[in-house]
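# Structural characterization, general
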Amino acid sequence: MGHRLAAATVLLLALVAGAAAAGEQAVGAGVEEAGKSAAWTGGLSRRSFPAGFVFGTAASAYQVEGMALKDGRGPSIWDAFVKIPGEIANNATADVTVDEYHRYKEDVDIMKRMGFDAYRFSISWSRIFPTGTGKVNWKGVAYYNRLINYMLKIGITPYANLYHYDLPEALEVQYGGLLNRKIVEAFADYAEFCFKTFGDRVKNWMTFNEPRVVAALGYDDGAFAPGRCTKCKAGNSATEPYIVAHHLILSHAAAAQIYRHKYQHVQKGRIGILLDFVWYEGLTNSTADQDAAQRSRDFHVGWFLHPIIYGEYPKSLQVIVKERLPRFTADEIQMVKGSIDYVGINQYTAYYVRDQQPNATTIPSYSSDWHAAFASSFLTFFAPLGAADERNGVPIGPRANSDWLYIVPWGLYKAVTYVKEKYGNPTMLLSENGMDDPGNVTVAQGVHDTARVAYYRSYITKLKEAIDDGANCVGYFAWSMLDNFEWKLGYTSRFGLVYVDFATLRRYPKASAYWFRDVVTGKN
Ligand SMILES: *[C@@H]1O[C@H](CO)[C@@H](O)[C@H](O)[C@H]1NC(C)=O
Ligand SMILES: *[C@@H]1O[C@H](CO)[C@@H](O)[C@H](O)[C@H]1NC(C)=O
Ligand SMILES: *[C@@H]1O[C@H](CO)[C@@H](O)[C@H](O)[C@H]1NC(C)=O
Ligand SMILES: *[C@@H]1O[C@H](CO)[C@@H](O)[C@H](O)[C@H]1NC(C)=O
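Residues numbered from 1 in each chain as written. Chains lettered and ligands numbered in written order. Predicted model: local features only at pLDDT ≥ 70, side-chain atom pairs only at ≥ 80, totals over all residues. Heavy atoms only, no water.

### Considering the overall build of the protein chain
Stated precisely, the cut-off is as follows: A run of H or I in DSSP becomes a helix once it reaches four residues, and a run of E becomes a strand once it reaches two; helices and strands are each numbered from the N terminus. Each residue is placed in one exposure class: buried if its accessible area under a 1.4 Å probe, protein chains only, is under 20% of its type's maximum, exposed if it is over 50%, and partly exposed if it falls in between. By definition, residues are in contact when any of their heavy atoms lie within 4.5 Å. Only the protein chains shown count as cover for residues, with accessible areas throughout obtained via the Shrake-Rupley method and a probe of 1.4 Å.
When helices and strands are tallied, the protein chain shows 19 helices and 17 strands. Classification of the 524 residues of the protein chain by burial places 63% in the buried group. Across the protein chain, every contact between residues at least 6 apart in sequence was considered, and the portion connecting residues at least 24 apart equals 76%. As displayed, the protein chain has an accessible area near 18600 Å², and 56% of this comes from carbon and sulfur atoms.

Right under this line is the structure:
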């Protein structure tokens, strides 16, 4: 506990120092140069990591592409959701966002300049199939061909994810989207089209990004599209998250099966899934709180990883959720179990968690099934659980701009080590990691992102420790290359290594981009 406090203090000091430095630099130096000042690498370099370790950045189609309703793209459930007044900060949309659809060369060039090896992008299903199935939009296919070919031309390896929150709206309207079993075949068909069309060049596939967020935020609290929950206009938080998760797992497995049977032996690629994983630390050492922390890990990452590794949901889910938890048939277990060549872990933060058993007033839902309360303000966004913010008056870490994002580097070590120990040390990517600043910082302030540099230095140091201790992690992806459309927060949150002036769409690499350059191209 002692050194945890010390680490938090150092980060707080770094935040304060960063603010001071930004103030001094605001006058004078040109912004393009401003971010360049080399920051201490913390002794990190490629040589800190195993041979072949991949450094990249990650983004998703809806957040960066723009051209949301142009060049033949059909709407996704997010295009419908952002139109609901009040859902997104300042009623923002991603109709333009950072316009990577036109600026992909510039963006890939910046990645190359900063020394990155790979780009984890996502394919917009409704840009390929505007109504989810059937007719192909060849302009959309041509865009991904241009992007992939340009990456390969200049030496950036494509990591393609097939789904990042953006279900074709047509499937939502036609049959309730992810709630309908028909989605499994529709997704498998779309996935196969992508393997067939891009798989000669794309060797790293992911089926879904954060299926837990899709099921929980879309169907338990309704914060994300399609905005369903017990208290929403429509939905059922006690059943729908589990049905949706089940269909997502089956969709993933069906796509993986097609890839393995029909494409993998020729294309020689690999396929996996991307899972978000908050580290849950028991608030106290009591058995009740420690059990609550374990349940939280089960309901979070175990919900998806347990079936994929072991062929069934975690026991704690089976015991608590009972008949509301869908079952896999024997054939489905065959298809789901072992359906990954690698797993991506998206890791940003950690929370204290304590035991909270249901009572007469508890409304049945995915989040109340945890029988746990978060000791953090994450609950204001995610789960109506109620709790304290801190342990003995000390927060688990300093907070970034997003209310869910506490800076807790040791949580990354524990999360990666947990996957190693609990799930047989699968081949892992640390597939997202990063922190955000407020949207309204100026360019001059934004490029002096001292706190972000400290964040990356501390988290990547912990990743190195986990790998040194045996975790089979083969790559790291920062979220994100560019400031972009941050879902509910719209443009009031900046996660980029590169500042984007949203008025001009001009890109300005931040100090953190140059920090990565020094780490991945450095000689130490
Ligand atoms: C969002 O749109 C609604 C409806 O048009 C409006 O009442 C509200 O003020 C808008 N919010 C912002 C921040 O512009
Ligand atoms: C829990 O127990 C461990 C080992 O005895 C100790 O290091 C730690 O400080 C305890 N944590 C709390 C919150 O009491
Ligand atoms: C009952 O449980 C809910 C969460 O399910 C919690 O918010 C509430 O505080 C609890 N009430 C009492 C009286 O413990
Ligand atoms: C930035 O926006 C926040 C609210 O999101 C506000 O509290 C703060 O004062 C703003 N800062 C500037 C410099 O405008």
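### Observations regarding the site of ligand 2
Put simply, the test is: Nearness is defined per residue: one heavy atom within 4 Å of the molecule or strand is enough.
Residues in contact with ligand 2, as listed here, are Leu283, Asn285 and Arg391. In isolation ligand 2 has 360 Å² of accessible area, and contact with the protein removes 35% of it.

### Points about the sheet that holds strand E3 (residues 157-161)
Worth spelling out the cut-off: Strand pairing follows a simple DSSP-based rule, namely that at least 2 bridges must link the two strands. Every axis in this analysis is a line fitted to C-alpha atoms, fitted for helices over the stretch in contact. Angles between the N-to-C directions lie between 0 and 180 degrees.
A barrel is described by the order of its strands in space; here 8 strands give the closed sequence E1-E2-E3-E4-E5-E7-E12-E14, paired in parallel fashion. If you compare each strand with its neighbour and ignore which way they point, the axes differ by 25° on average. Sheet analysis places strand E5 (residues 270-276) next to strand E7 (residues 342-346), joined by 5 bridges and oriented parallel. By the bridge assignment for E7, Gly272 is matched with Tyr342. Contacts between helix H12 (residues 287-310) and the sheet are confined to E5 and E7, with E5 contributing the most and set at about 155° to the helix.

### Things to note about the packing of aromatic side chains
Cut-off, in case you're wondering: Between the rings of Phe, Tyr and Trp (Trp by its six-membered ring), a pair exists once the centres lie within 6.5 Å; its type follows the angle of the planes, with under 30 degrees stacked, over 60 edge-to-face, and the other angles tilted. The rule is short: NZ of Lys or CZ of Arg within 6 Å of the ring centre and within 35 degrees of the ring normal puts a charge over the ring.
What the rule picks out here adds up to 63 aromatic pairs. Ring geometry for Tyr165 versus Trp487: centroids 4.7 Å apart, planes at 50°, classification tilted. One end of the pair, Tyr165, is in the loop between E3 and helix H8 (169-175); the other, Trp487, is in the loop between strand E14 (473-479) and strand E15 (493-494), and 322 residues separate them in sequence. Of the two residues examined, Tyr165 and Trp487, each falls in the buried class. Where Phe485 meets Trp487, the ring centres are 6.2 Å apart and the plane angle is 75°; that geometry is what we call edge-to-face. With relative accessibility at 0%, the residue Phe485 sits in the buried group. What makes Trp487 buried here is its relative accessible area of 5%. We note Arg146 situated over the ring of Tyr101; from NZ or CZ to the ring centre the distance is 5.9 Å.

### Concerning the side chain of Thr197
Note on placement: Thr197 falls in helix H9 (residues 182-198). Ignoring any residue separated from it by four or fewer positions in sequence, one finds Thr197 in contact with Val141 and Asn145.

### Remarks on the environment of Ile396
Locating Ile396 in the fold gives a position in the loop between strand E11 (394-395) and helix H16 (409-422). Sequence separation between Ile396 and Glu281 is 115 residues; the distance between their C-alpha atoms is 9.5 Å. Beyond its immediate sequence surroundings of up to four residues, Ile396 is in contact with Ala350, Tyr351, Tyr352, Tyr406, Ile407, Val408 and Trp410.

### A short note on the packing of helix H11 (residues 240-267) against H12
This is how the line gets drawn: Each angle receives one of four descriptions, namely roughly parallel if under 35 degrees, roughly antiparallel if over 145, roughly perpendicular if within 65 to 115, and oblique otherwise. Less than a right angle of anticlockwise turn of the near helix away from the far helix marks a crossing as left-handed, whereas a clockwise turn marks it as right-handed. Residue polarity is assigned by list, with Asp, Glu, Lys and Arg as charged and Ala, Val, Leu, Ile, Met, Phe, Trp, Tyr, Cys and Pro as nonpolar; anything else, Gly included, falls into the polar class.
Where H11 meets H12, the axes come as close as 10 Å, and the angle between the chain directions of the two elements is 40°. Between H11 and H12, the crossing angle belongs to the class labelled oblique. Seen along the crossing, H11 lies across H12 with a hand that is right-handed. Contacts from Pro241, Tyr242, Ala245, Ile249 and His252 of H11 reach H12 at Phe299, Trp303, Phe304, Pro307 and Ile308. Its residues assigned to classes, the contact of H11 with H12 shows 9 nonpolar, 1 polar and no charged.

### Concerning the pairing of strand E1 (residues 54-58)
Within E1, 5 of the 5 residues are buried, which leaves it mostly tucked inside the rest of the structure. Of the two faces of E1, the one carrying Val54, Gly56 and Ala58 and the one carrying Phe55 and Thr57 are both buried. Bridging between E1 and E14 involves 5 bridges; their strand directions are parallel. Its bridge partner lying in E14, Val54 is registered against Gly475.

### Topic: the state of the cysteines
Threshold: The disulfide criterion is simple: two cysteine sulfur atoms within 2.5 Å.
Here the structure, examined in full by the defined rule, presents 1 disulfide. There is a disulfide in this structure between Cys229 and Cys232, and the S-S distance comes to 2.1 Å. Across the S-S bond linking Cys229 and Cys232, the dihedral sits near 95°, which makes this disulfide right-handed. Relative accessible area serves as the criterion here: at 6%, Cys229 is assigned to the buried category. On the basis of relative accessibility, which here comes to 23%, the residue Cys232 falls in the partly exposed class.

### Things to note about the confidence of the model for the protein chain
For the record, the criterion: Note: pLDDT gives the predictor's confidence per residue, expressed from 0 to 100.
For the protein chain, the mean per-residue pLDDT works out to 91, and 90% of the residues sit at or above 70. Under a pLDDT of 50 for its full length, residues 1-31 has, in the predicted model, 29 contacts with residues more than four places off or in other chains.

### Thoughts on the nonpolar core
Cut-off, in case you're wondering: Throughout, nonpolar core names a set of buried Ala, Val, Leu, Ile, Met, Phe, Trp, Tyr and Cys residues whose side chains join them through atoms within 4.5 Å.
Trp78, Ile123 and Trp205 are the most contacted members of the largest nonpolar core, which totals 177 residues. With 13 residues, H11 is the largest single contributor of residues to this core. Membership of the second largest hydrophobic core comes to 5 residues, among which are Val441, Val443, Val447 and Tyr508.

### Overview of the sheet that holds strand E8 (residues 350-355)
Spatially, the 3 strands line up as an open sheet ordered E6-E8-E9, and their pairing is mixed. The sheet is open, and its two borders are formed by strand E6 (279-282) and strand E9 (372-374), each paired with just one other strand. Taken pair by pair, the neighbouring strands of this sheet meet at an average axis angle of 40°, ignoring direction. Note that E8 and E9 share 3 bridges and pair antiparallel. Following the sheet pairing, Val353 is matched in E9 by Phe374. The sheet strands contacting H12 are E6, E8 and E9, and the helix crosses E8 at an angle near 125°. Packed onto the sheet, H16 meets E6 and E8 and runs at close to 100° relative to E6.

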